[in-house]
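Listed below are the residues making up each chain.
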Protein chains: 2
Amino acid sequence: MEDTRSTNCPILFALDIFGDKWSLLIMRDILIRGGKYYKDFLGAGEGISTNILANRLEQLERHGLIVKQLDETNKRRFVYSPTQKGMELVPALMEIIEWSAKYDPDTGTPPWYIERLKTDREALIQEIYDQFQTRE
Amino acid sequence: MEDTRSTNCPILFALDIFGDKWSLLIMRDILIRGGKYYKDFLGAGEGISTNILANRLEQLERHGLIVKQLDETNKRRFVYSPTQKGMELVPALMEIIEWSAKYDPDTGTPPWYIERLKTDREALIQEIYDQFQTRE
DNA sequence: AAGTTTACTTGCAAAATACAAGTAAATATC
DNA sequence: GATATTTACTTGTATTTTGCAAGTAAACTT
């Protein structure tokens, strides 16, 4: 085995930020499904616990992947949106989607989406970026 | 938020297979560092516990990402190698590496590697594939 | 003014992980 | 040929993380 140092390994760096069962699902909710509010994430389907959700949102914000702002149109809630750093996870998400669509016999991803991933990926990713205005 | 069904979500499918702290690090050891044996993974640097490692190798094999074969040159050990399904995680790993190299101020990834990722990705990935002979 | 929505927090049980020690077969060494 | 070492684990227990249920507080609706 090669004599690679494990400190500063980029895979480890990433996993320390979103390498758990829930963080990447929350990023999926925000980036791909357009989720904005706490209840969106709670109701996303996988059944995350409310305490875990609160903890993960805090971590994601602390790591600069998302920002939390008071919703001025309804001050009971906050709007969660991705930062540039968060948005740039989309290409990785796309690779994961392509892999899963290939190997999940019950995949819900439609063929036209996979086709676009293969032939028109840049535009697809750009369309997702365009939905958000970048914030620090 | 869009009315997407969470069943059959490709991100969830993937996370159910390698969405924990260790599985993707093991795949990194195999795919990128050329690790083959139990002790390679134990000594990879992050300090995985031996019981957890045994459990994850079993899961990865059960999900068809790796195969385990007796090493005929030294029958005390087994050779772990990636399947086609496992190898095809490389593109996702590359996206994660690119993301981490950009956002980790202490990244250990050399600039020439990032440059190659951007300008010559296909060949880089192919070189990794070529190191393994495909097995079911 | 009372009820509802929204985003959490808190307490406790259950599950997963980490740590330390032990086992067994194959190989190397004396 | 006996003894030590390597290799890949298993087992037991403490610690940490997660899951579940209930509760809180501020903003908004009725």
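All values reported here derive from a predicted model rather than from experimental measurement.

Colleague: When you look at the protein's contact with DNA strand D in this model, what are you seeing that I'm missing?
Modeller: Neighbouring DNA strand D are 21 residues, the closest being N51(A), R56(A), K75(A), K68(B) and Y80(B). Here a base oxygen of DNA strand D and a side-chain polar atom of N51(B) are 3.4 Å apart. One nitrogen or oxygen atom from the side chain of K68(B) is found 2.8 Å from a phosphate oxygen belonging to DNA strand D. Where the surface near DNA strand D is concerned, the elements lending two or more residues are α4 (50–62) of chain A together with α3 (38–42), α4 (50–62) and β2 (78–82) of chain B. At 4 residues, α4(A) tops the list of elements feeding residues into the surface near DNA strand D.

Colleague: Even after reading the chapter, I still don't get the interface of chain A and chain B, so can you show me in this structure?
Modeller: Interfaces are often sized by the amount of accessible area the parts lose when they come together. Taken together, the contact pairs 49 residues of chain A with 48 residues of chain B. Summing the contributions of chain A and of chain B, the shared interface buries around 4,300 Å²; its carbon and sulfur component is 68%. At the boundary of chain A with chain B, the tally comes to 2 salt bridges. With a closest N to O distance of 2.9 Å, K102(B) and E88(A) form a salt bridge. In this assembly, chain A and chain B are joined by 12 residue pairs in polar contact (both at pLDDT 80 or more). Those elements that provide at least two residues to the side of chain A that touches chain B are α1 (10–18), α2 (23–31), α5 (84–87) and α6 (90–103) of chain A. Counting residues per element, the side of chain A that touches chain B draws most heavily on α6(A), at 10 residues.

Colleague: Is there a simple way to think about the protein's contact with DNA strand C in this case?
Modeller: The local shell around DNA strand C holds 21 residues, among which K68(A), R77(A), Y80(A), N51(B) and R56(B) are the closest. The separation between a base nitrogen of DNA strand C and a polar side-chain atom of N51(B) is 2.8 Å. Contributing elements (two or more residues each) for the surface near DNA strand C: α3 (38–42), α4 and β2 (78–82) of chain A together with α4 of chain B. Per element, the largest residue contribution to the surface near DNA strand C is 4 residues, and it comes from α4(B). Here the residues of the surface near DNA strand C sort into 7 nonpolar, 6 polar and 8 charged.

Colleague: How should I be thinking about the pairing of β2(B) in this particular structure?
Modeller: Remark: a regular strand shows side chains that alternate across the two faces of the sheet. All names here are of chain B. With 4 of 5 residues buried, β2 is to be regarded as a mostly interior element. Alignment of strand β1 (residues 66–70) against β2, held across 5 bridges, turns out to be antiparallel. Opposite K68, over in β2, you have Y80 as the bridge partner.

Colleague: In this structure, what is going on with α4(A)? I would like to understand it.
Modeller: Owing to its 3.6 residues per turn, the α-helix brings residues three or four apart onto one side. All names here are of chain A. In a regular helix each residue adds 1.5 Å, so 13 residues correspond to 18 Å; α4 covers 18 Å between its end C-alpha atoms and thus fits that length. Among the residues of α4, L53, R56, L57, Q59 and L60 are the ones counted as buried. Viewed along the axis of α4, the buried residues span an arc of 165 degrees, placing them on a single side of the element. Exposed residues on α4 whose side chains face more than 90 degrees from its buried face are N51 and R62. Close packing links the buried residues of α4 with α2, α3, β1 (66–70) and β2. Phi for G64, located one or two positions after α4, is positive at around 75 degrees.

Scoring rules and cut-offs
Residues numbered from 1 in each chain as written. Chains lettered and ligands numbered in written order. Predicted model: local features only at pLDDT ≥ 70, side-chain atom pairs only at ≥ 80, totals over all residues. Heavy atoms only, no water. Near = heavy atom within 4 Å. Polar contact = N/O pair within 3.5 Å; in protein donor to acceptor, adjacent residues only side chain to side chain. Helix = DSSP H or I, 4+ residues; strand = E, 2+ residues; numbered from the N terminus. Contact = heavy atoms within 4.5 Å. Buried area = accessible area lost by both parts, 1.4 Å probe. Salt bridge = Lys/Arg side-chain N within 4 Å of Asp/Glu carboxyl O. Nonpolar A, V, L, I, M, F, W, Y, C, P; charged D, E, K, R; others polar. Buried < 20%, exposed > 50% of the residue type's maximum accessible area, 1.4 Å probe, protein only. Pairing = 2+ DSSP bridges. Expected span 1.5 Å × (residues − 1). Arc of directions from axis to C-beta.

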